[in-house]
Structures are given as C-alpha cells and as structure tokens.
There are 2 protein chains.
Amino acid sequence: MTAKSPRRERVTVHDVARAAGVAIGTVSRVVNGAPTVTAEIRQRVERAIAELGWVPSAAAQAMRGAPTRMVGFIFSDIRNPLYSAMIKGAEEVLEQYGYMLVVASSDGQPAREIALMQLFKRRRADGLLFSVEQENNPEVLRCAAGAGYPIVLLEREMAVAQGAVGADHRFGLRHATAHLLALGHRRIAMISGGRHNRVGRDRLAGLRQAHEESGVALDPALLRLDAFTTEYGLRQAQALLDMPDPPTAIIAAGMHLLPGVLQGIRMKGLDVPRDISLVASNDSQLAQLVTPAVDVIRYDGHALGREAALLLLRRMRGEAVPANTRVEVPTEFVLRASSAAPPSRRGG
Amino acid sequence: MTAKSPRRERVTVHDVARAAGVAIGTVSRVVNGAPTVTAEIRQRVERAIAELGWVPSAAAQAMRGAPTRMVGFIFSDIRNPLYSAMIKGAEEVLEQYGYMLVVASSDGQPAREIALMQLFKRRRADGLLFSVEQENNPEVLRCAAGAGYPIVLLEREMAVAQGAVGADHRFGLRHATAHLLALGHRRIAMISGGRHNRVGRDRLAGLRQAHEESGVALDPALLRLDAFTTEYGLRQAQALLDMPDPPTAIIAAGMHLLPGVLQGIRMKGLDVPRDISLVASNDSQLAQLVTPAVDVIRYDGHALGREAALLLLRRMRGEAVPANTRVEVPTEFVLRASSAAPPSRRGG
DNA sequence: TTGTACGCGTTATCAT
DNA sequence: ATGATAACGCGTACAA
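Cut-offs applied
Residues numbered from 1 in each chain as written. Chains lettered and ligands numbered in written order. Predicted model: local features only at pLDDT ≥ 70, side-chain atom pairs only at ≥ 80, totals over all residues. Near = placed C-beta within 6 Å. Nonpolar A, V, L, I, M, F, W, Y, C, P; charged D, E, K, R; others polar. Least-squares fit on C-alpha atoms with pLDDT ≥ 70 in both. Contact = placed C-beta atoms within 7 Å. Pairing = 2+ DSSP bridges. Helix = DSSP H or I, 4+ residues; strand = E, 2+ residues; numbered from the N terminus. Axes fitted to C-alpha atoms, helices over the stretch in contact; angles between N-to-C directions. Core = buried A, V, L, I, M, F, W, Y, C linked by C-beta atoms within 7 Å. Buried ≥ 20, exposed ≤ 12 C-beta atoms within 10 Å, placed from the backbone. Right-handed = clockwise from strand over helix to strand, strands pointing away.

Right, let's talk about the protein's contact with DNA strand D for a bit. Neighbouring residues of DNA strand D: 25 residues in total, closest Thr12, Val13 and Ala60 of chain A together with Ala23 and Gly25 of chain B. In terms of residue class, the surface near DNA strand D is made up of twelve nonpolar, ten polar and three charged.

Here it is as structure tokens:
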C-alpha cells in the first residue's frame, strides 16, 4: 500500500471490525477504553487497527457533537515576533489540554477578520484568541457576538468578548516617561500606532499621566501615532528631528519601529544618547546588542499567550468567570545606555 | 439570541428550510449555486440563512468526502523568524486557493512530529508542509509514508516526501568562505546546527568546497555543529577564541546564533573586523544595525514558504509532478563591514 | 460480553 | 423546479 496510490480508500471502523472478526461496536469500545472487553478480543482489535493504520475520523466525531478541540488565533501578521511569542505560549498551554491551535493572519483587514471568524464557525472551533484590529468596527462586533464560541482578546478590548489579556502599557509608558522627565527632558516624542485599540490608548495615557505628574506640558506635535512599520519609524524620526524645536527624547513604542528610528537618527548624524535619548518597546535582540544598548519597556509575550489560553480554557469549560474579566501582564522598564540628560541641560 | 446563552442549539439546513418554507434539498441547491432555482425561492432561502446566521457544517461536508481544505505545517519553533516568514509566504498562497493553514510546533521532538502527523490524518488534512527534524528517523519515515496526504518538505530531504523546497545553502557558504579565504583567512570556524538534515550538510559541503578550491586545509576542530541556540553560539564563540590557535573568522550559520557569537566576541574584548571577521546567516535587523554591520548569507524565507505551498497545491490537485521534485531558492552574499584581512596578515 | 440500529448535517440521486 | 431519501463514519443505547 504505497502512499502515492491515487485511489485512497478510507479505512473505517467497519474495515477494522472485519479484519478483527468482531462487530463495530466492539472496536469502538476498545478504542474508548471500555472495561467490558475480553483481553484477547482487545488484542485482536488493536492489532487490526495498527495493521490497517486506522485513525478515527474527526469529522464523524464532530458530527456527533464532540468538541473539535480546535482553537483559532487571529492576528495581523505572524512576522511580528511578539505574536510568535504569544502563539508559542498559547500553544504550550492548549496542547496540554489536547487542543490544537489554528493561526490565521488578517493583515489588519476587518473583512478578513470576519471571513476568518465565519470560517472558524463553519469548522466548529471551540474557541478563539483574537487580537482584533479595530475595537469598534460594527461589522466585526456583530460577527463576534454571533460567533457561537467564546472569544478571548489579546492586547485588545471589546464588550462582546468573553475576556481579555493585556500588558500594562500604561504603567510602562508612565515609568519610561517619568525617567526621561527626571533626566531633564521637556520635549519627549512618541512614535507608535494602534490608535484604534487599547494598546495605543494605554500608552498615550501613560505618557500623559507622567507629564501631568511632573507638571510638564505635552506638545501634541511630538505625537506620531499612525503606524507600527519600520518605514513609518524612519520617516517620523526624520520629521521630528527636522522640526525647528525638535524633541530631545524619542519613545519608539512598537517592535518594528526601532530599526527605522535608529536609522533615522544615524542618517541625521546624531549620537545616542548625547544628542538624543531613545526608549523602545518591546525588548529585542536588536535593542540589546546595538551600540549603545537601548532602554526598553519590556513585557512577556509568551506569558500573554499563556494567560489568554488559560482564560479561554476556562470559558470553553463553561466555568463561571466574571464577565469582562481582564488579566494584566506586567511591564518593566529596563535601563541600558540610550538615555541621558538633554544637550541643552548639559550645555547650560 | 445572545452569545452567552449556555444552551447553544446548532442551526442546520433543516431550520433554514423550515424558516423558508422549502425542503432541505432546495437550501443546498441555493448555497451551492444550482441554476435550477426560482429567483423568488432563492431570495426566501437567502434571507432565512442570513436571519438564522447559518453556516454549513464543515464536519458534515467532510463526511461526505469533501476535501477539508486544511493544510498542516510542522516545524520546530515558531519563534524562529525564518519560520514566521515561511508561514506567511505559505499562508498567502494557500488562502488564495481557499485553504487554511494549521501550524504546529514540534519542539524538534520526533515523537511530537509523529503525534502531529497522526492528528492531521485524523482531521483529514489535505496536505502537509513539514520541516522535519531528523531526516532519517525510521518511525517518522514510516508515519510519513502512511500519512495518506501529500507532504512537501521545507529545507529538508526525505525519500517518502512528495517534494522539497530549500535554499541553496551550499552556494551561500561556498561564496562566503571563498570571500574570507580571498581576504587571507586560513582558519575559518563555523558554528551551526542541523547535523541530521540537508541544511547542515549543504552548509558543510559549501565550506569544504571553497577550501578545496583554494587548496586550504579545513581544521575539524573549528567546526561546532551541534545546535542553533543563542547560548550555544556564545559558548562556542568563547571556546573557539580560547583555542591556542584560534580562528581569524567565524561563520555563524543560524538565526539565533549571531547574538550569542557577538556577545562572546565582545566579552573577549575583540574588535570586529580588526581582530576577527564575522559572517552570519540568515540576514536580520540585528545584522544590519549592529556596529559594525554584519556580512550575511541571505535568503528569502517568505519565498520558500510560497514555493512550498505552490508545490503542495500541485500535489493536492493530483498533478503529475516528477517524484523527488526539489525547488531551489537562491542565496546571496551581502558584504557589509564585518570582514577584513586577518590580523597576522596585516601585521606581517 | 457482544452485535445492531439510529442519528448527527450535508449533498446527490431519484421521484414528482 | 422542487421534495424526499440514502449515504458518509462514528458513538451509543438497546437487544441478544
């Protein structure tokens, strides 16, 4: 029986039963570990199964109402290492409980998100991990409400979801900003994205809070909050440094922004941290090994995925978890060598 | 009908048929676009479907022998950005053809690979993309042979597979090594992993070939080929630099090795490229932005995933592709600032 | 202890 | 053009 045989006849319980000389019910009892089976019959059946290479059809089981033990994960782009870490964390938890994770990229398009949610419904997924792009898109909200499976959000917030997990970005940004303000910075720029989701809101809130606590005014012209791409980082860094009254510190909040911002600073011929201070989020090997090493706001994507999976498991088991449960994963500020007092301060 | 209703009754064709006042066969004809349906009936049915939010059950369709339009992808660890790129490339192609990609990490354990292959068989996956860990593991080979779906390998080689896609590592290593030899290096070390797969073999072959072509002997003590981890990179870099007759150049072939090797070199207080030359593979933002920027052997993981998906699609369609088809993706050597003539040469 | 028959939701075939 | 019904493979209640 070669693998290339074009006519693959699927082997079923009937084939196994015939080969073992028993009825299909007996085969079923054997595989499901019913105690009422003779050792000898069990042997025969197990040998037949092994010889025929039979595996029970998941489709038929699903039709009988068995859970598919399949969980979906929708996010914008798998190439973001943060998502890779979340996936890994979620996968580790889910596989322990016999679930398999199906990942799907939406490219940040609500239409694709909806198509994927429908697909998971058709496939009878038991649950969904979701890093939705726009938290308020009505079509997405309606689809999520009628999905029929529990949804847990990662780094997002939506009323229709059955729970959410996110890092404490507000605290992280507040801490980093306070650090820069304490060094004497008065013009702190932030480059980031996610206007339409909780991450963006929390980061901005943290930045604002630190300014208010220090009584320093925050210049809106220093906020560049439209994208997470490397190219955006490069262009906005250049634009900021070309201002008549440029910032003395830049916070690059988003994995892919740092390389662009670094390049923009280097093209200007500026030195970090002498001419300009720099803080990034999240941590990365680049931030650690570039010269000078970059201060970062760090959080654990792996833990985020793990927590999300655990929360989803509870929902799938039907446990009575309070509505709008939100799990917070901590952020920490890691001081390296990319921040110093602003030039004017040293000069004066 | 709220989403939190604990008793979710699944809505079926029967419900739709009843709501529209037609027979179930008619509903089926409508959704499958049969031409023999009155416009008025079609309207009624479509409205009922929309109102009830019905989606046909994939399980029931699968039972009728319909393809599941599901493709698996097994690899060791999703956090390797190379795999992320491959997944993205494969996903882009597959979704165009209506397939969904199910990714699963094996952690490099053959037992997990086998379990996952069985799982995909149970789920009746239409095909599998596979970056197998050990190409010669007999259990894995047997399981792959009896899987029942076509398998296309990425960066690997196995007789039982229906095709393979890989980068031309032999050429890349040969090119990089020739470059170092031309600069005058005579002791070139390589840190890498993958002893049991084609990538490792090809890289070693390329290193050997360049040495032979230049008539330079290759010292086996300079080969450290046991792992791809950052920690291994660090330790082996230290060990190499501690040798009485240390290498004057190091090739770090494996995404995660570079940060470790860089750290090892820095801890020794050596300067790149004055004291030691460095070449890495694959390219990364770290290699681009670290000082000095690192020469790399580059190849396109995204293209690799794309090509693998295209080949698998042909197999799944039953096209007569020659057995043992192998698609090669090119590698290129990118010169930056991390290689120079060896110190002895400059000194003498 | 083991065998038989039904139903899950869909599509295809036949009858109307 | 539409309605009724068999079949896909499994699990299980019930009969033997």
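It takes a turn of 180° to lay chain A on chain B, together with a shift of 0.1 Å along the axis; the resulting RMSD is 0.1 Å. Interpreted geometrically, this transformation is the action of a two-fold axis. In this assembly the copies share their binding face: 100% of the residues contributing to the interface of chain A also contribute to that of chain B.

Okay, the sheet that holds strand β8 (residues 249–253) of chain B next. Residues and elements named next belong to chain B. Across the sheet, six strands lie side by side as β7-β6-β8-β9-β10-β12; this open sheet has mixed pairing. Since the sheet does not close on itself, it has two edges, and those belong to β7 (223–224) and β12 (332–334), each with one partner. Pairing between strand β6 (residues 188–192) and β7: two bridges, direction parallel. Bridging from a neighbouring strand, isoleucine 191 pairs with arginine 224 of β7. Contacts between helix α11 (residues 257–267) and the sheet are confined to β6, β8 and β9 (277–281), with β8 contributing the most and set at about 155° to the helix.

With that out of the way, let us pick up the nonpolar core. Judged by nonpolar contacts, the single largest core of 99 residues is most densely connected at Val71 of chain A together with Val71 of chain B. Contact partners of valine 71 of chain B, with chain neighbours within four places excluded, come to Leu94, Tyr99, Leu101, Val102, Ala125, Asp126, Gly127, Leu128, Leu129 and Leu312 of chain B. Membership of the second largest hydrophobic core comes to 72 residues, among which are Ala176, Val290 and Val294 of chain A together with Leu234 of chain B.

With that settled, the discussion passes to the interface of chain A and chain B. Taken residue by residue, the interface counts 44 residues in chain A and 44 residues in chain B. When residues of the side of chain A that touches chain B are traced back to their parent elements, those giving at least two are α4 (58–63), α5 (81–96), β2 (100–105), α6 (110–122), α11 (257–267) and α12 (285–289) of chain A. In terms of residue count, α5 of chain A provides more of the side of chain A that touches chain B than any other element does, six residues in total. Per-class residue counts for the side of chain A that touches chain B are 26 nonpolar, ten polar and eight charged.

Residues and elements named next belong to chain A. Burial along strand β3 (residues 127–130) is two-sided: the face carrying Gly127 and Leu129 and the face carrying Leu128 and Phe130 are both buried. With four bridges joining them, strand β1 (residues 70–75) and β3 adopt parallel strand pairing. Paired with isoleucine 74 across the two strands is phenylalanine 130, which belongs to β3. Pairing between β3 and strand β4 (residues 151–154): three bridges, direction parallel. Within the sheet, the bridge partner assigned to phenylalanine 130 lies in β4 and is leucine 153. This β-α-β element, β3 to helix α7 (residues 138–145) to β4, shows right-handed connectivity.

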